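# Observations on the model geometry
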Amino acid sequence: MENGAAKPVIVAIDGPSGTGKSSTSKAVAAQLGLSYLDTGAQYRAITWWMVTNGIDIDDPSAIAAVAGKPEIVSGTDPAHPTITVDGTDVAAPIRTQEITSQVSAVSAVPEVRARITELQRSVAAAAEYGIVVEGRDIGTTVLPDADLKIFLTASPEARAARRSGELKGADVHATREALIKRDAADSSRKTSPLAKADDAVEVDTTELTLQQVIECVVTLVEEKRAGK
Ligand SMILES: Nc1ncnc2c1ncn2[C@@H]1O[C@H](COP(=O)(O)OP(=O)(O)O)[C@@H](O)[C@H]1O
Ligand SMILES: Nc1ccn([C@@H]2O[C@H](COP(=O)(O)OP(=O)(O)O)[C@@H](O)[C@H]2O)c(=O)n1
């Protein structure tokens, strides 16, 4: 660019639960001075609002009718990501088992996806130095022109072990079953399912440390920036 400033770089990181999207995205963004957006947190936030307001989660038309109501705001500093709904900090309540078990149903509703996708695109467009956006449909639908697309995978066993470690000793078998059920729902929905974009780089993290995954993604971003 004329003033010598680097063009904002857009990185899309997708994959199923427990593959390391959040940890990798935050670290890569922090290391490269980019913004960070956790799109799963936005779907969790709208789910929290539906549950809090007594909307019937089993009724897609009831969800669709109010999908435009909550105002969701994401803070994009990778060192301190935030999320609010109508001004209320929901960072903690969106991580409960209740919300985790309902989020796939809410996020399958096309009106919800249209609303959240628009929000995600506006956040990405506003990122001065670029952004790492993580989710399920970022490379395929939200930001199909991203400079770099990564699709993280890992075995169900590795993912369940990571998640149950986080949930302070939750039963690995039950965690594995819940993960598989959520992946199946997210992958089979009609509107922008969880999927690898054709031009995404797939990284199997089963045998890699988090640090190795971060280094791999940072290298790929730097290669892109160098025009390789
Ligand atoms: N390569 C890895 N090896 C071991 N643990 C990992 C790895 N990547 C992530 N983790 C851990 O697994 C858990 C889930 O990671 P997270 O980034 O939240 O995944 P996702 O966003 O894909 O659901 C976290 O506790 C994280 O520290
Ligand atoms: N881009 C995205 C991100 C998340 N989601 C939905 O939001 C849920 C929660 O996403 P998350 O990233 O917080 O899930 P975890 O992998 O952290 O458990 C997913 O299971 C999907 O149903 C989505 O539909 N599209």
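Residues numbered from 1 in each chain as written. Chains lettered and ligands numbered in written order. Predicted model: local features only at pLDDT ≥ 70, side-chain atom pairs only at ≥ 80, totals over all residues. Heavy atoms only, no water.

The name that an unreviewed UniProt entry assigns to the chain is Cytidylate kinase, with the source organism given as Streptomyces gilvifuscus. Recorded in UniProt under Subcellular location (unreviewed entry), the annotation for the chain is "Cytoplasm". A UniProt comment under Sequence similarities (unreviewed entry) is attached to the chain, and it reads "Belongs to the cytidylate kinase family. Type 1 subfamily." (UniProt positions renumbered as here; feature names shortened; annotations may be inferred.)

## Comments concerning the environment of Ile 83
As for its placement among the helices and strands, Ile 83 is situated in strand S4 (residues 82-85). Using a relative accessible area of 5% as the deciding quantity, one classes Ile 83 as buried. With 26 residues separating them in the primary sequence, Ile 83 and Ile 57 have C-alpha atoms 22 Å apart. Not counting chain neighbours up to four residues away, the residues in contact with Ile 83 comprise Ala 41, Gln 42, Ala 45, Ile 72, Val 73, Ser 74, Thr 88, Asp 89, Val 90, Ala 91 and Ile 94. (Helix = DSSP H or I, 4+ residues; strand = E, 2+ residues; numbered from the N terminus. Buried < 20%, exposed > 50% of the residue type's maximum accessible area, 1.4 Å probe, protein only. Contact = heavy atoms within 4.5 Å.)

## Quick look at the pattern of salt bridges
Following the criterion strictly, the structure yields nine salt bridges and no others. With its nearest N and O atoms 3.0 Å apart, the salt bridge here joins Arg 176 to Glu 157. Of this pair, Arg 176 sits in helix H8 (residues 172-188) while Glu 157 is found in helix H7 (residues 156-166), placing the two residues 19 residues apart along the sequence. You can call Arg 176 partly exposed: its relative accessible area is 24%. Across the salt bridge formed by Glu 177 and Arg 176, the nearest N and O atoms sit 3.3 Å from each other. (Salt bridge = Lys/Arg side-chain N within 4 Å of Asp/Glu carboxyl O.)

## Regarding the side chain of Ser 104
Here Ser 104 lies in helix H4 (residues 97-107). In this structure Ser 104 touches Arg 182, Ala 185 and Asp 186, once residues within four positions along its chain are discounted.

## Concerning the confidence of the model for the chain
For the chain, per-residue confidence averages 95 on the pLDDT scale, and residues scoring 70 or more make up 96% of the total. Here the predicted complex scores 0.96 on pTM and 0.98 on ipTM. (pLDDT = per-residue confidence, 0-100.)

## Remarks on the sheet that holds strand S3 (residues 72-75)
Taking strand neighbours across the sheet as the criterion, the three strands line up as S3-S4-S5 in an open arrangement whose pairing is antiparallel. Strands at the two margins of the open sheet, each flanked by one partner only, are S3 and strand S5 (88-89). As paired strands, S4 and S5 are joined by two bridges and run antiparallel to one another. Bridged to Thr 84 within S5 is Asp 89. (Pairing = 2+ DSSP bridges.)

## Points about the site of ligand 1
In the vicinity of ligand 1, 16 residues are found, and the nearest of them are Gly 18, Lys 21, Ser 22, Ser 23 and Arg 163. In the environment of ligand 1, an oxygen atom lies 2.4 Å from a nitrogen or oxygen atom belonging to the side chain of Arg 163. Burial of ligand 1 by the protein chains amounts to 78% of its free accessible area of 560 Å². Every element with two or more residues in the shell around ligand 1 is listed here: helix H1 (21-32), H7 and helix H9 (210-225). (Near = heavy atom within 4 Å. Polar contact = N/O pair within 3.5 Å; in protein donor to acceptor, adjacent residues only side chain to side chain. Areas by Shrake-Rupley, 256 points an atom, 1.4 Å probe, with all protein chains shown as cover.)

## Thoughts on the nonpolar core
The biggest cluster of nonpolar side chains holds 23 residues, and the ones touching the most others in it are Met 50 and Val 112. Breaking this core down by element, the ones donating at least two residues are helix H2 (39-52), helix H3 (60-66), S4, H4 and helix H5 (110-126). With seven residues, H2 is the largest single contributor of residues to this core. If near-sequence neighbours (up to four positions away) are discounted, Met 50 is found in contact with Ile 55, Ile 57, Ile 63, Val 66, Ala 67 and Val 106. Counting 19 residues, the second-largest nonpolar core is a separate cluster that includes Leu 34, Leu 148, Leu 220 and Val 221. (Core = buried A, V, L, I, M, F, W, Y, C linked by side-chain atoms within 4.5 Å.)

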